[in-house]
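# Coordinate analysis (summary)
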Amino acid sequence: MADFKVTQIDDDFDFANLPWWDVVIIGAGPGGLAASLTTAHRALTTLVIEAKDLPGGQPQFLYADKKIVDVPGFPDGISGQELSDRTYRQAADAHVQFRFNEELTAIEDTDQEVEGDVLKKVVTSNGSYLCRKVILACGLLHYPRRLPVLDDLESDAVHYRSPRVKDYEGGTVIVVGGGDSALDAAVMALQRGARVEVIIRKEPSGKADTLNHVLELGGNSPYVGVDCRSNPERRCRQCRAE
Ligand SMILES: Cc1cc2nc3c(=O)[nH]c(=O)nc-3n(C[C@H](O)[C@H](O)[C@H](O)COP(=O)(O)OP(=O)(O)OC[C@H]3O[C@@H](n4cnc5c(N)ncnc54)[C@H](O)[C@@H]3O)c2cc1C
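Our subject in this report is the structure included herewith. (Residues numbered from 1 in each chain as written. Predicted model: local features only at pLDDT ≥ 70, side-chain atom pairs only at ≥ 80, totals over all residues.)

### With respect to helix α6 (residues 180–191)
For α6, with twelve residues, the first-to-last C-alpha span of 16 Å sits near the 16 Å given by 1.5 Å per residue. For α6, the set of buried residues is Ala182, Leu183, Ala185, Ala186, Val187, Met188, Ala189 and Leu190. In this structure, the buried residues of α6 make contact with α5 (165–168), β9 (172–176), β10 (195–199) and α7 (208–216). A positive phi of about 90 degrees marks Gly193, the residue just after α6. (Helix = DSSP H or I, 4+ residues; strand = E, 2+ residues; numbered from the N terminus. Expected span 1.5 Å × (residues − 1). Buried ≥ 20, exposed ≤ 12 C-beta atoms within 10 Å, placed from the backbone. Contact = placed C-beta atoms within 7 Å.)

Written out as structure tokens, the structure is:
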């Protein structure tokens, strides 16, 4: 029981035969899940449509094992997976309804009016839904750009997301790229005992602090392909050792 007034839909409410929804939310990432809590706690019938088979968005499908430290309320950090699981459970408990493996394709106007709102028709890969309001929380749908040279290896060891601990425990991880996501993934693997090589085409574009952290933790030459000897400020370990 909440210590403030939550107007929640009854447990036995029949969602199966709704003529229209108060709110349809596209995307079950952190944004969509948070929005769904707000609407469901105001007794608005809320449907979340998610293209993937699981809720959680990027924290779930890109960095499930990463310890996230900037989510309010979790001073000791929380993993992407746990954040997703907790937020999803909270939404489901508030009677938010979910459709997974279903992708938004169009939003159309209708000539039906309900309580001052002209109903929208949300068209998905599996059907359509009438609703008063649509919230777009689509964030990121696709994985990072695929590299044919890696795909050609047809290897289970190629990942397009931050590796899960079991993917590399005790092994070597090669991180391709020098942006924030790549450097975060390098830090994460290093902190869990992996040997890490970072391969960067040009100058790294991620945060300088994170880059330094990669080096401090023993990450190997993040400047492969770049003559770092010409830049004394940002020399790789290999050059510093020479
Ligand atoms: C490697 C990495 C590390 C990060 N680390 C942090 C961190 O430590 N702390 C932090 O605060 N932020 C971090 N971020 C950023 C954070 O993940 C995003 O800001 C956050 O996920 C955005 O939430 P969202 O709900 O807007 O979008 P998303 O998380 O992208 O969720 C959108 C959802 O919508 C679905 N969707 C998209 N299109 C459709 C469609 N047409 N139909 C149906 N469903 C659709 C997607 O499948 C997805 O599940 C990181 C990002 C990356 C890539």
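### A word on the packing of helix α1 (residues 30–40) against helix α3 (residues 80–93)
Between α1 and α3, the least distance of the axes is 9 Å, while the angle of their chain directions is 25 degrees. On the basis of the axis angle, α1 is roughly parallel to α3. For the pair α1 and α3, the sense of crossing is left-handed. Together, Pro30, Leu33, Ser36, Leu37 and Ala40 of α1 and Thr87, Tyr88, Gln90 and Ala91 of α3 make up the contact between the two elements. (Axes fitted to C-alpha atoms, helices over the stretch in contact; angles between N-to-C directions. Parallel < 35°, antiparallel > 145°, perpendicular 65-115°, else oblique. Left-handed = near helix turned anticlockwise from the far one by under 90°.)

### Notes on the site of the ligand
Not every one of the 28 residues close to the ligand is listed here, only the nearest: Gly27, Gly29, Gly31, Gly57 and Gly139. Every element with two or more residues in the shell around the ligand is listed here: α1, α2 (58–61) and α6. Among the elements that line the shell around the ligand, the one with the most residues is α1, at three residues. Class assignment of the residues belonging to the shell around the ligand gives a composition of 14 nonpolar, nine polar and five charged. (Near = placed C-beta within 6 Å. Nonpolar A, V, L, I, M, F, W, Y, C, P; charged D, E, K, R; others polar.)

### Some points on the pairing of strand β2 (residues 46–49)
Residue alternation in β2 divides its side chains into two sets, Thr46 and Val48 and Leu47 and Ile49, and both sets are buried. Bridge count between strand β1 (residues 21–26) and β2: four bridges; the pairing is parallel. Across the sheet, the residue bridging to Val24 is Leu47, located in β2. Pairing of β2 with strand β5 (residues 97–99), which is carried by three bridges, proceeds in the parallel orientation. Directly across from Leu47, in β5, lies its bridge partner Gln97. (Pairing = 2+ DSSP bridges.)

### Overview of the sheet that holds strand β6 (residues 104–114)
Spatial strand order, β5-β2-β1-β8-β7-β6: six strands in an open sheet with mixed pairing. Strand pairing shows two members of the sheet lacking a second neighbour, β5 and β6, which therefore form its edges. In this sheet, adjacent strand axes meet at a mean angle of 45 degrees when their direction is disregarded.

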